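An overview of the molecular structure
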Protein chains: 2
Amino acid sequence: MKSLIIAFAAALVSITGFAQTNPTQIIEDFKPSVLNQPGQEYPQVNSQGYARFKIIAPHADSVSVSLGLGGRGGTRLKQMPDSSWMGTTEGPMDEGFHYYDIKIDGGKFNDPGALNYYGSVRWESGIEIPAHDQDFYSLKNVPHGNVVQVLFPSPSTNTSRRAFVYTPPGYDGKSKKNYPVLYLQHGWGEDETAWSNQGRANLIMDNMIAEGKIEAFIIVMTYGMTNDVKFGGIRSFKIEPFQTVLIDELIPYIDANFRTIAKSSHRAMAGLSMGGMETHTITLNKPDVFSYYALLSGGIYTPAEIKDKSKVKLIFLSCGSKERPDGVKNAALALKEAGFNAVSYVSENTAHEFLTWRRSLRELAPLLFK
Amino acid sequence: MKSLIIAFAAALVSITGFAQTNPTQIIEDFKPSVLNQPGQEYPQVNSQGYARFKIIAPHADSVSVSLGLGGRGGTRLKQMPDSSWMGTTEGPMDEGFHYYDIKIDGGKFNDPGALNYYGSVRWESGIEIPAHDQDFYSLKNVPHGNVVQVLFPSPSTNTSRRAFVYTPPGYDGKSKKNYPVLYLQHGWGEDETAWSNQGRANLIMDNMIAEGKIEAFIIVMTYGMTNDVKFGGIRSFKIEPFQTVLIDELIPYIDANFRTIAKSSHRAMAGLSMGGMETHTITLNKPDVFSYYALLSGGIYTPAEIKDKSKVKLIFLSCGSKERPDGVKNAALALKEAGFNAVSYVSENTAHEFLTWRRSLRELAPLLFK
């Protein structure tokens with residue numbers, strides 16, 4: 001397990017999600033990134049997927065952006081006649097969400113123009129390259145569910161812990177309906193805000209429910225690195241503290257305080273990257289709690305690992321085409337041959353980043369709770 | 001009204017909340033601020049209220065922090081032998097929450113060690129000087145309410161707008177109880193996240209409910225600068241766009257989707273700073289919508305402004321002792337003499353900052369919906 005965790009952390013650091021390099025004319029149709037802070041003009045993105053940055057630091061000696069072709073040193077900005085620092089990525093970037101930071105005179109800071117997202121154990125700058133299929137995670141004029149911040153008691157960690165609960169449109173009405181629940185985990189260095197902020201899980205759900213593509217369900221998102229905050233600590237990661245919080249504290253709280261169908265047959269667990277590793281371990285450790293398992297860029301199951309086939313209604317495995325899609329496809333085939341309801345999904349032209357996981361949620365949701 | 005708005009904006013910029021200067025021995029008991037990012041050692045605060053900063057930018061020429069004695073230029077950091085930049089405020093700071101930023105070689109950035117809070121139309125660094133009365137807004141082992149993010153349809157602005165709704169403990173249970181509602185506005189340059197993030201409104205409510213000091217109610221927080229984002233725009237601020245969103249769109253949505261008592265007799269409006277100005281204007285424009293009015297560092301009412309005394313159940317006026325407490329006290333006296341149920345509150349040793357408003361909410365809450 002240790003080597004798997006290190007691999008996830010390494011993937012987050014090294015795979016930076018740049019598209020193919022083809023020296024082309026840059027089209028000057030740059031617009032502010034949709035993830036900019038209110039009123040901020042920079043960073044900007046053009047229709048080809050290039051990103052352009054502008055940083056004000058008139059007396060700095062050097063300014064660079066961690067995003068750049070192949071991730072090799074990022075993009076160096078140049079000082080302009082007006083003393084601002086500007087630069088454009090060498091090549092177009094992959095569609096979707098990217099974390100980044102700014103290096104100024106040897107220190108790491110966030111871009112004052114961009115909104116921040118929690119990744120790599122810090123609040124980082126975020127930029128969005130509009131995807132050709134962005135419609136499915138866009139804010140539309142449809143009924144919207146809520147994202148509910150709950151503080152649940154956690155005797156095992158001696159505090160109140162935070163979770164976010166997506167409740168679908170209509171949940172708060174006069175209906176008495178009970179819903180199945182998906183427990184959905186973030187990746188290494190992220191937290192319980194990731195799936196709604198970077199992942200737009202609530203908007204993906206709202207849109208699919210409005211289009212009649214899925215039956216509504218609840219999603220619960222909490223912090224999965226219960227005993228580890230720092231990078232160094234990941235090598236000694238143990239599943240037990242988080243498993244205790246999830247199984248003994250959070251699930252009973254959710255079932256007591258939300259209108260759930262409180263049965264393993266109506267409970268799923270999924271996670272991305274390190275959250276996939278957690279999903280894998282906990283679903284195998286607790287076969288009576290969940291019936292639907294999903295690993296998004298988060299490893300695989302082998303048939304031999306699962307003791308009682310009758311308890312598993314679905315195994316979903318996914319990743320980006322720039323990761324290791326054959327591993328995911330072959331694992332799903334082996335599971336099918338062994339009699340499991342296994343599905344694989346490969347997100348085209350994406351790496352170990354959030355567009356892979358937004359699409360994976362879109363593919364997973366219609367398969368759940370059938 | 002214009003001059004009032006400019007005054008609020010100026011207050012936010014110029015009043016930086018430093019305690020009296022008495023050259024004293026600095027006690028070396030610095031601890032990481034409770035608002036630091038996970039695992040970050042700096043910024044730190046000591047028991048006297050001094051703050052110490054550490055910034056990594058080895059090749060920078062100058063680094064300073066906007067917090068500093070009297071707000072005159074802030075605190076200049078010095079480069080240490082290990083190449084980091086460090087510095088301590090010249091004097092102790094006021095208790096409570098402060099916004100700040102870091103200036104590096106002429107550019108404005110956030111402290112990578114601190115969490116960010118939306119103020120001054122940007123996500124800024126935040127630091128907390130522990131207050132002697134911090135217990136009332138602390139996270140405790142009591143039943144917790146939820147903070148619900150809703151996206152409500154807004155035809156007048158042609159989008160879905162965001163609001164946060166505090167629902168008290170027990171709201172989500174099997175109870176059928178309906179609750180009164182307080183509409184609570186942020187100040188200039190802040191947004192709908194301010195009252196739960198900086199203000200800790202949810203924890204203040206949880207604690208007071210647990211202690212039996214108040215009857216539970218719902219709080220609704222949304223963005224009040226509907227037609228203005230940039231500082232320049234504040235001079236042309238008009239109330240109508242926000243008033244339309246609040247009165248015609250948000251209140252009907254909340255009453256339709258939450259278990260409210262949908263009557264003016266059970267509806268309050270309050271706001272801090274510019275949100276007080278909005279509260280003042282909207283309560284007077286719409287006397288049939290709210291019965292409880294509260295301005296927190298946000299101006300006053302005069303008896304002559306209110307046409308029908310019978311519709312007003314409470315007028316609450318507050319500010320910090322470092323603002324203009326006499327204005328607030330005298331206005332409440334004049335209202336009382338004119339037959340209104342008026343209450344003033346002055347927060348000791350605080351300025352135009354969030355500890356004033358946390359305490360104001362604590363004083364206001366027991367007076368509402370009686």
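How each quantity is defined
Residues numbered from 1 in each chain as written. Chains lettered and ligands numbered in written order. Predicted model: local features only at pLDDT ≥ 70, side-chain atom pairs only at ≥ 80, totals over all residues. Heavy atoms only, no water. Helix = DSSP H or I, 4+ residues; strand = E, 2+ residues; numbered from the N terminus. Buried < 20%, exposed > 50% of the residue type's maximum accessible area, 1.4 Å probe, protein only. Contact = heavy atoms within 4.5 Å. Areas by Shrake-Rupley, 256 points an atom, 1.4 Å probe, with all protein chains shown as cover. Least-squares fit on C-alpha atoms with pLDDT ≥ 70 in both. Buried area = accessible area lost by both parts, 1.4 Å probe. Salt bridge = Lys/Arg side-chain N within 4 Å of Asp/Glu carboxyl O. Polar contact = N/O pair within 3.5 Å; in protein donor to acceptor, adjacent residues only side chain to side chain. Nonpolar A, V, L, I, M, F, W, Y, C, P; charged D, E, K, R; others polar. Pairing = 2+ DSSP bridges. Core = buried A, V, L, I, M, F, W, Y, C linked by side-chain atoms within 4.5 Å.

Naming follows an unreviewed UniProt entry, where chain A appears as Enterochelin esterase-like enzyme of Pseudobacter ginsenosidimutans.

**Looking at the overall build of chain A**
Counting its regular elements, chain A contains seven helices and 20 strands. Across the 370 residues in chain A, those meeting the buried criterion constitute 59%. Across chain A, contacts joining residues at least 24 apart in sequence account for 67% of those joining residues at least 6 apart. Accessible area of chain A: about 14,400 Å², with a carbon and sulfur share of 52%.

**Some details on the relation of the copies chain B and chain A**
Of the transformation superimposing chain B on chain A, the axial component is 0.0 Å and the angular component is 180°, with the fit at an RMSD of 0.0 Å. What the superposition gives is, in effect, a two-fold axis relating one chain to the other. By C-alpha distance to the rotation axis, the residue of chain B lying nearest is Val148(B), at 2.1 Å. With an isologous cut-off of 70% or more, the 100% of interface residues of chain B that recur at the interface of chain A puts this contact in the isologous class.

**Focus on the interface of chain B and chain A**
Contact with chain B, which involves 44 residues of that partner, is made by 45 residues of chain A. Roughly 3,500 Å² of surface becomes buried between chain B and chain A when both sides are summed, with 52% attributable to carbon and sulfur atoms. For chain B, the biggest contributors to the area lost against chain A are Asp105(B), Phe109(B) and Leu151(B); these three give 16% of the whole. Linking chain B with chain A are zero salt bridges, by the criterion used here. Connecting chain B to chain A are eight residue pairs in polar contact (both at pLDDT 80 or more). Counting residues per element, the ones that place at least two in the side of chain B that touches chain A are β10 (107-109), β11 (116-119), β12 (122-129), β13 (146-154), β14 (159-167), α3 (201-210) and α4 (240-257) of chain B. Residue contributions to the side of chain B that touches chain A peak at six residues, all from β13(B). Residue classes in the side of chain B that touches chain A are distributed as 21 nonpolar, 15 polar and eight charged. As paired elements, strand β13 (residues 146-154) of chain A and β13(B) share three bridges and run antiparallel to each other. Among the inter-strand pairings, Val147(A) is bridged to a residue of β13(B), identified as Gln149(B).

**Digging into the environment of Ser47(B)**
Residues and elements named next belong to chain B. Within the element layout of this structure, Ser 47 appears in the loop between β2 (44-45) and β3 (51-55). Each C-alpha atom, one on Ser 47 and one on Pro 130, is 8.2 Å from the other, the two residues being 83 residues apart in sequence. Contact partners of Ser 47, with chain neighbours within four places excluded, come to Ile 27 and Asp 29. Side-chain polar atoms of Ser 47 contact the side chain of Asp 29, separated by 2.6 Å.

**Thoughts on the side chain of Asn146(B)**
As for its placement among the helices and strands, Asn146(B) is situated in strand β13. Contact partners of Asn146(B), with chain neighbours within four places excluded, come to Val148(A), Gln149(A), Val150(A), Phe258(A), Val165(B), Tyr166(B), Thr167(B) and Asp172(B).

**What to know about the nonpolar core**
Leu246(A), Phe290(A), Ile315(A), Leu246(B), Phe290(B) and Ile315(B) are the most contacted members of the largest nonpolar core, which totals 98 residues. Aside from chain neighbours lying at most four places away, what touches Ile315(A) is Tyr293(A), Tyr301(A), Ile306(A), Leu335(A), Phe340(A), Asn341(A), Ala342(A) and Val343(A).

**Let's talk about unusual backbone geometry**
Here the bond from Tyr42(A) into Pro43(A) is cis, since omega is 0°, no more than 30 degrees from zero. Along the chain, the position of Pro43(A) falls in the loop between β1 (31-32) and β2 (44-45). Positive phi, close to 60°, is recorded for Asn158(B), a residue that is not glycine. The topology assignment puts Asn158(B) in the loop between β13 and β14.

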